Amino acid sequence: MNNPKRYTVTAALPYTNGPIHIGHLAGVYVPADIYARYLRLHGHDVAFICGSDEHGVPITIKAKKEGVTPQDIVDKYHAIIKKSFEDIGITFDNYSRTSAKIHHETASEFFMTLYNKGEFIEEVTEQLYDKEANQFLADRFVVGTCPKCGNEESYGDQCENCGTSHNATDLINPKSAITGATPTLKETKHWFLPLDKHEAFLKEWILEGHKKDWKSNVYGQCKSWIDDGLRPRAVTRDLDWGIPVPVEGGEGKVLYVWFDAPIGYISATKEWAELEGKDWEPYWKDKDTKLVHFIGKDNIVFHCIIFPAMLKAEGSYVLPDNVPANEFLNLEGNKLSTSKNWAVWLHEYLLEFPDKQDVLRYALTANAPETKDNDFTWKDFQARNNNELVAIFGNFINRVVVLTNKYYNGIVPKPNALTNVDEEVLAAIKAYPSVIASSIERYRFREASQELLNLARLGNKYLADEEPWKVIKEDEDRVQTIMYIALQISSALAVLSEPFLPFTSDKLKRILCHTEIDSESTWDGISEGRELLPANHTIGKAELLFNKIEDKEVQAQLDKLIASKKANEAANKVIEPQKDTITFNDFTKLDIRVGTILEAEKMPKAKKLLVLKVDTGIDVRTIVSGIAETFTAEEVVGKKVTVLVNLAPRALRGVKSEGMILMTETPEGKLVFVNPDEAGVANGLHIS
Ligand SMILES: [Zn+2]
């Protein structure tokens, strides 16, 4: 869309059954905030909207588990999430919640409009029912095998493995998540949105209309959905937590959480407009409004297929111009998981790294999972800070501010004759706003953040090449010009860094005393080549913008992750029950000896097997052992081992094996020798 009159920017409503972690931030909130801040810097009219998604089955499950009400759960996490967003500098114009009265009203009205227009199919169907729990099993109340990818842990409404959205009755081998029982079928009435009826429109709008401007991962998922053929989807559920179905026959039923949640964007806009004394409707209904949904890849189908079908059926709303969904962020090589506590929680980060909000924002942007799943590692986080923010951005600013104070008492000097290099640098500064803008407008935030850093690199290089600290001895006039130009770069950095590093931008503007001049230093001012910091303007004293992150800080975070991994293992450890009792006589039949591995080689074409020559004290014999996935042949030579020597020989891949090396196995499947390695323990000794 060219030259929209206003922007409605939404960020996926976080689900209030847990706090926010870095995966959410990298996937949705940081890019959305960069976009919204950038638009505001340009003087655009923006409504940046979000809120807590407080309905749905997982919240009721969590409440049951903790013995509290669903309202207690959502109140607790809404407060944590809202505060952590504020503290990391996410500038929502409104952060609302779907339990708000205005949302219940808006969602009910929306449902009624579609109902009155005859946009729903009303149907009595058989749904999964848990006789023990005496309730229907909607969505996450049921787990089973995904009909598409075979994942055995798929939920009733969506498979987290392949992202497919389905009906609970589509699951193979469904089981109740409440009692574990196999559900029966029971008749119940529901209202369905006939997505098949909207297929032609969706094909034209997405497959033809957005082939070029939507990200390929988003477009691809939509295409596969549409190509598979769309079917009616129930928009109501047999539950007691949610928005009551406002029509006759709707008693005991609520709106499906995925029907009401996206309407939350609309009700949050209404709530904001009321507070601001504005009219909400243009933000959703004027054709000159650009609507952009920031989401993670697991929400693509709801934002690109179902919600647009709802908006289209209602008839008076605009459709999203773009849905720049990101892929997933992993953590230290493993999938982020709330239930396994494999995460970096935002509220904890903010406590443990005070005043380092921008470091996290930057690390997550520079390594954003824009085109494929990416990995967050604490080492990369440290390197982004130490090698980029400290060594490039911070170092440049510090030198400029220190030298300006040293040579000119903090007063911006008047420039003298410009060299070719000076002219080139000034021209380069001028080009940055449009380079960064072009990346942001194509939702390439990673690229945009690197362009910003390139401006700091330019400054560093300029100072290193011009060496004002040397030139000052012979040519004071020249140094005035050098410092004047370096100060212009600093000022441009203060402005252009705002969407990415808002806390740093504020601090730098304060150091440069931006507020005390009628500054020409704005996004547009920079690209028009105006004077950003005029001669005779006084700047403040130097302060470090960034501090080095030490190895021990990173190690503390890694230790924390290892601790959660161990806690998980302990929680999941299955101890096998004891076997049947045997007599002492039975035991003495086992002849177990100490031995030493003398030689080892890999069994050809066998992944697991090593062929060992073992000195058992009795003889040197061949034993084939299934340890090759944990150990190489070289590693085990010379190792003292425990050997069951009187096991009947057997042939493994044509090699006769005479005995067995005793091993145990860690929960991760790593084999460990039962090891009699102590001074004085000789081959052939009995173990008894
Ligand atoms: Zn699946």
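Use the structure listed above.
One structure accompanies this document, and this report is about it. None of the values given here were measured: they were computed from a predicted structure.

For the protein, the helix and strand inventory stands at 21 helices and 25 strands. Structurally, the protein occupies a C-alpha span of about 100 × 85 × 45 Å along its principal axes. Out of the 688 residues in the protein, the part that is buried amounts to 53%. Of the contacts made within the protein by residues no fewer than 6 positions apart, 73% connect residues no fewer than 24 positions apart. Within the structure as shown, the protein displays about 31,500 Å² of accessible surface, and the carbon and sulfur contribution to it stands at 49%. Taken together, the 81 basic and 101 acidic charged side chains of the protein have centroids lying 4 Å from each other.

Attention now moves to the sheet that holds strand β6 (residues 142–145). The strand order across the open sheet formed by three strands is β7-β6-β8, and the pairing between neighbours is antiparallel. Only two strands of the sheet have a single partner each, and these edge strands are β7 (154–155) and β8 (172–176). Sheet topology note: the β6/β7 ladder contains two bridges and is antiparallel. Pairing of Gly144 across the sheet is with Ser154, part of β7.

Moving on, we get to the packing of aromatic side chains. Using the criterion set out here, one finds 39 aromatic pairs in the structure. On the numbers, 5.8 Å between centres and 15 degrees between planes, the contact of Phe201 with Trp205 is stacked. Taken as a pair, Phe201 and Trp205 lie in helix α5 (residues 199–208) at a separation of four residues, close to a single helical turn. Judged on exposure class, the residue Phe201 and its partner Trp205 are both buried. Aromatic rings pair up to connect Phe110, Phe111, Tyr115, Phe120, Trp191, Phe259, Tyr265, Trp280, Trp284, Phe307 and Tyr317 into one cluster. Above the plane of the ring of Tyr256 lies Arg237, whose end atom (NZ or CZ) is 3.8 Å from the centre.

The full count for this structure, using the stated rule, is 42 salt bridges. With a shortest N-O distance of 3.3 Å, Arg40 and Asp93 are connected by a salt bridge. Taken together, the positions of Arg40 in helix α1 (residues 22–41) and Asp93 in the loop between α3 (70–87) and β3 (94–97) put the pair 53 residues apart, joining distant regions of the chain. Under the relative-accessibility criterion, Arg40 is labelled partly exposed at 28%.

Leaving glycine aside, a negative phi is the common case for residues, and trans is the common case for peptide bonds. A positive phi is found at Tyr443, a non-glycine position, where the angle reads about 60 degrees. Examined against the element boundaries, Tyr443 turns out to sit in the loop between α13 (420–441) and α14 (445–466). One non-glycine residue, Glu467, adopts positive backbone phi at about 45 degrees. Summarising the element assignment, Glu467 is placed in the loop between α14 and α15 (468–471). When its relative accessible area of 26% is taken as the criterion, Glu467 is described as partly exposed.

Looking now at the sheet that holds β3. If you trace the four strands from one edge of the open sheet to the other, you get β3-β2-β1-β13, paired in parallel fashion. This sheet does not close on itself; its edge strands, each paired only once, are β3 and β13 (289–294). Between one strand and the next, the sheet's axes are offset by a mean angle of 20 degrees, whatever the strand orientation. Relative to β3, strand β2 (residues 46–52) is paired through four bridges, and the arrangement is parallel. Its bridge partner being in β3, Cys50 is matched across the sheet by Tyr95. Contacting β2 and β3, α3 runs over the sheet at an angle of about 170 degrees to β3.

The zinc ion binds to the protein through Cys146 (SG), Cys149 (SG), Cys159 (SG) and Cys162 (SG); the donor distances cover 2.3 Å. For the zinc ion, the four donor atoms in the first shell make angles of 107 to 112 degrees at the metal, so the coordination geometry reads as tetrahedral. Between consecutive donors of the zinc ion, the numbers of intervening residues give the motif C-x2-C-x9-C-x2-C. Classification of Cys146 as buried rests on a relative accessible area of 1%.

Criteria and thresholds
Along every chain, residues carry numbers that run from 1 in the direction the sequence is written. Reporting in this predicted model follows two pLDDT cut-offs: at least 70 for local features of residues, and 80 or more for side-chain atom pairs to be given and counted; totals over whole chains, interfaces and linings ignore these cut-offs and use all residues. Side-chain numbers here rest on the full set of heavy atoms in the structure, without hydrogens or water. Helix numbers and strand numbers start at the N terminus; a helix is a DSSP run of H or I with at least 4 residues, a strand a run of E with at least 2. When accessible area is computed with a 1.4 Å probe and restricted to protein chains, residues below 20% of their type maximum are described as buried, those above 50% as exposed, and intermediate ones as partly exposed. Only heavy atoms matter for contacts: two residues are in contact if any of them lie within 4.5 Å across the pair. Methods summary: accessible areas were calculated by the Shrake-Rupley approach with a probe of 1.4 Å, and residue burial reflects only the protein chains presented. His is not counted here, nor are the chain ends, while Lys and Arg score as positive and Asp and Glu score as negative. By convention, charge coordinates are those of NZ in Lys, CZ in Arg, CG in Asp, or CD in Glu. If DSSP finds at least two bridges between two strands, the strands pair. Note on aromatic contacts: the rings of Phe and Tyr and the six-membered ring of Trp form a pair at centre separations within 6.5 Å, being stacked when their planes are under 30 degrees apart, edge-to-face when over 60 apart, and tilted otherwise. Charges are assigned to positions over rings by a cutoff of 6 Å between ring centre and Lys NZ or Arg CZ, combined with an angular limit of 35 degrees from the ring normal. What makes a salt bridge here is a side-chain nitrogen of Lys or Arg within 4 Å of a carboxyl oxygen of Asp or Glu, nothing more. An axis is simply a line fitted to the C-alpha atoms; with a helix, the fit covers only the stretch in contact. Between two such axes, the angle follows the N-to-C directions and lies from 0 to 180 degrees. Donors, by definition, are the N, O and S atoms found within 2.8 Å of a metal, the threshold being 3.2 Å for Na, K and Ca, and water is not counted, so a site can look incomplete. Under this scheme a four-donor centre is tetrahedral when all angles range from 85 to 135 degrees, a four-donor centre is square planar and a six-donor centre octahedral when opposite donors are above 155 degrees with the rest from 65 to 115, and any other centre is irregular.

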